Amino acid sequence: MARTRVRIPALLALSAALALTTAACGTDESPAAQPETTSDGKEGGTSDGTSDGKADGKAEAGPKVVVTTTWEGAFAKAAGAEDIDVIVPQSVHHAPDYDPKPSDLAAVAKADFVLYAPFEPYAEKIKEAAGSDAELVEVGLDNNADKVKAEVARLAEKFGTGNSAEKWAGTFDTEYAALSEDLKSAWPGGKSPKIVSQVFTTWAAELAGATTVGTYGPEAVTPAQLGELSKRKPAFVLDNAHMSTGAVLPDSGVEQVQIVNYPGDTLDLLSVYRDAATAMKKAMNAA
């Protein structure tokens, strides 16, 4: 079974500032930090499709990868990497605020690849300070199903772990389809529900087969936006748990569902979809 090392530094204080330019930020104290499970609910194994480095009887020697957060780490693991170090602890709610430690630089110095997101300005500084020869790779963090598979395949090509990534993609397709079908069976009244989504949680609406009638964020909703979104009479609001600006449609009675983008320390990307499906199904069953 593949082993993924996750180095967790000391916990940092939660940041109130949630400035973001190009990608979604973090996760709350996420329910995704759970033991990996197989499709039959048993713990252990490689439920996220990550292989043990073997496919068709051939072993794949994966690289040493350092990632800034568990989100990049999950993409790397899905792509077939096994030796992964995570710099920013999952408990840090705003990755760009993290202050790299000397131990972080030491890990980077031994890496083959350093994965980061555009909104993490310290990534280049980490590599330069460590004097690393690692390849710095910008990762497009988006949980849209097609974008995830394309990004995983791109990383696998760099890592030389294509067989492992293909196996993961097959598992992803199967579980994604099952989760989507289950959510559709829970539609209130048998009809696709109207939802308003934070811009970085629209992937969850797609998973549910919901009808997105409006988006907001990452900034707080303005009075003008509030009026416009209210007119569209959504059944649910999907909020980014890590960038929440509070009640989006206050006093409307609309259920607000928290969606988490980052996986837990297991780096199981599929757990993000399972947790989102659980949260949305609970809300739809209560409607």
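Above this text is the structure in question.
If you're wondering where the values come from, they're calculated on a predicted model, not measured in any experiment.

K.L.:
So what exactly am I meant to see when it comes to helix α1 (residues 70-78) here?
P.N.:
Given 3.6 residues per helical turn, the α-helix brings residues three or four places apart onto the same face. α1 sits mainly inside the fold: 9 of its 9 residues count as buried. Looking only at α1, the buried set comprises Thr-70, Trp-71, Glu-72, Gly-73, Ala-74, Phe-75, Ala-76, Lys-77 and Ala-78. Next to the buried residues of α1 lie β3 (64-67), β4 (83-86), β5 (113-116), α4 (145-159), α5 (162-184) and α8 (269-286). Gly-80, located one to two residues past α1, shows a positive phi value of around 115 degrees.

K.L.:
I keep staring at the sheet that holds strand β8 (residues 211-216) and nothing clicks. Help me out?
P.N.:
Neighbouring strands of a sheet are bound in pairs by backbone hydrogen bonds; such pairs are parallel or else antiparallel. Spatially, the 4 strands line up as an open sheet ordered β8-β7-β9-β10, and their pairing is parallel. This sheet does not close on itself; its edge strands, each paired only once, are β8 and β10 (255-259). Strand-to-strand twist in this sheet, taken as the mean axis angle between neighbours without regard to direction, amounts to 25 degrees. Looking at chain direction, strand β7 (residues 194-198) and strand β9 (residues 236-240) are connected through 3 bridges and run parallel.

K.L.:
What should I look at first to understand the pairing of β5 in this one?
P.N.:
Working note: regular strand, side chains alternate between the two faces of the sheet. Going residue by residue along β5, you find Phe-113 and Leu-115 tucked away on one face and Val-114 and Tyr-116 tucked away on the opposite face as well. Relative to β5, β3 runs parallel, the two sharing 3 bridges. Paired with Val-67 across the bridge in β5 is Leu-115. Sheet topology places β5 next to strand β6 (residues 135-138); 4 bridges connect them, and they run parallel. Bridged to Phe-113 within β6 is Glu-135. For the crossover that starts at β5, traverses helix α3 (residues 123-130) and ends in the parallel β6, the hand is right-handed.

K.L.:
Looking at this model, I keep getting lost on the nonpolar core. Mind explaining?
P.N.:
Nonpolar side chains in soluble globular proteins tend to be buried together. Counting residues in each nonpolar core, the largest one holds 66 residues, and the members touching the most others are Phe-75, Leu-115, Phe-159, Tyr-273 and Met-280. The dominant element in this core, judged by the number of residues it contributes, is α8, at 9 residues. Grouped together as the second largest cluster of nonpolar side chains are 6 residues, Tyr-216, Leu-229, Val-237 and Val-248 included.

K.L.:
Would you take a moment to explain the sheet that holds β3 for this structure?
P.N.:
Pairing in this open sheet of 4 strands is parallel, and the strands run β4-β3-β5-β6 from one edge to the other. Unpaired on one side and paired on the other, β4 and β6 mark the two borders of the sheet. Shown here is a sheet whose adjacent strand axes are inclined to one another by a mean of 25 degrees, direction ignored. With 4 bridges connecting them, β3 and β4 associate as parallel partners. Within β4, the residue paired with Val-67 across the bridge is Val-86. Strands in contact with α4 are β3, β5 and β6; relative to β6, the strand with the most contacts, it is inclined by about 170 degrees.

K.L.:
What am I meant to see in unusual backbone geometry here?
P.N.:
Across residues other than glycine, the phi torsion is negative in most instances, and most of the peptide bonds are trans. Between Gly-217 and the following residue, Pro-218, the backbone shows a cis peptide bond with an omega angle of 0 degrees. Relative to the assigned elements, Pro-218 resides in the loop between β8 and α7 (223-231). Positive phi is not limited to glycine here, since Leu-267 has a value of about 60 degrees. With respect to the helices, strands and loops of the structure, Leu-267 is situated in the loop between β10 and α8.

K.L.:
It is not clear to me how the pattern of salt bridges should be interpreted in this structure. Could you clarify?
P.N.:
Side chains that carry opposite charge are capable of pairing whenever their charged atoms lie near each other. Tallying each qualifying case throughout the model produces 10 salt bridges. Among the ionic pairs, Asp-142 bridges to Lys-147, the shortest N-O distance being 3.4 Å. Among the residues examined, Asp-142 registers a relative accessible area of 26% and is labelled partly exposed. The class of Lys-147 is partly exposed, set by a relative accessible area of 48%. Here the residues in one salt-bridge network are Lys-64, Asp-83 and Asp-85, joined through shared partners.

Reading the values: rules and limits
- Residues numbered from 1 in each chain as written.
- Predicted model: local features only at pLDDT ≥ 70, side-chain atom pairs only at ≥ 80, totals over all residues.
- Heavy atoms only, no water.
- Buried < 20%, exposed > 50% of the residue type's maximum accessible area, 1.4 Å probe, protein only.
- Helix = DSSP H or I, 4+ residues; strand = E, 2+ residues; numbered from the N terminus.
- Contact = heavy atoms within 4.5 Å.
- Pairing = 2+ DSSP bridges.
- Axes fitted to C-alpha atoms, helices over the stretch in contact; angles between N-to-C directions.
- Right-handed = clockwise from strand over helix to strand, strands pointing away.
- Core = buried A, V, L, I, M, F, W, Y, C linked by side-chain atoms within 4.5 Å.
- Salt bridge = Lys/Arg side-chain N within 4 Å of Asp/Glu carboxyl O.

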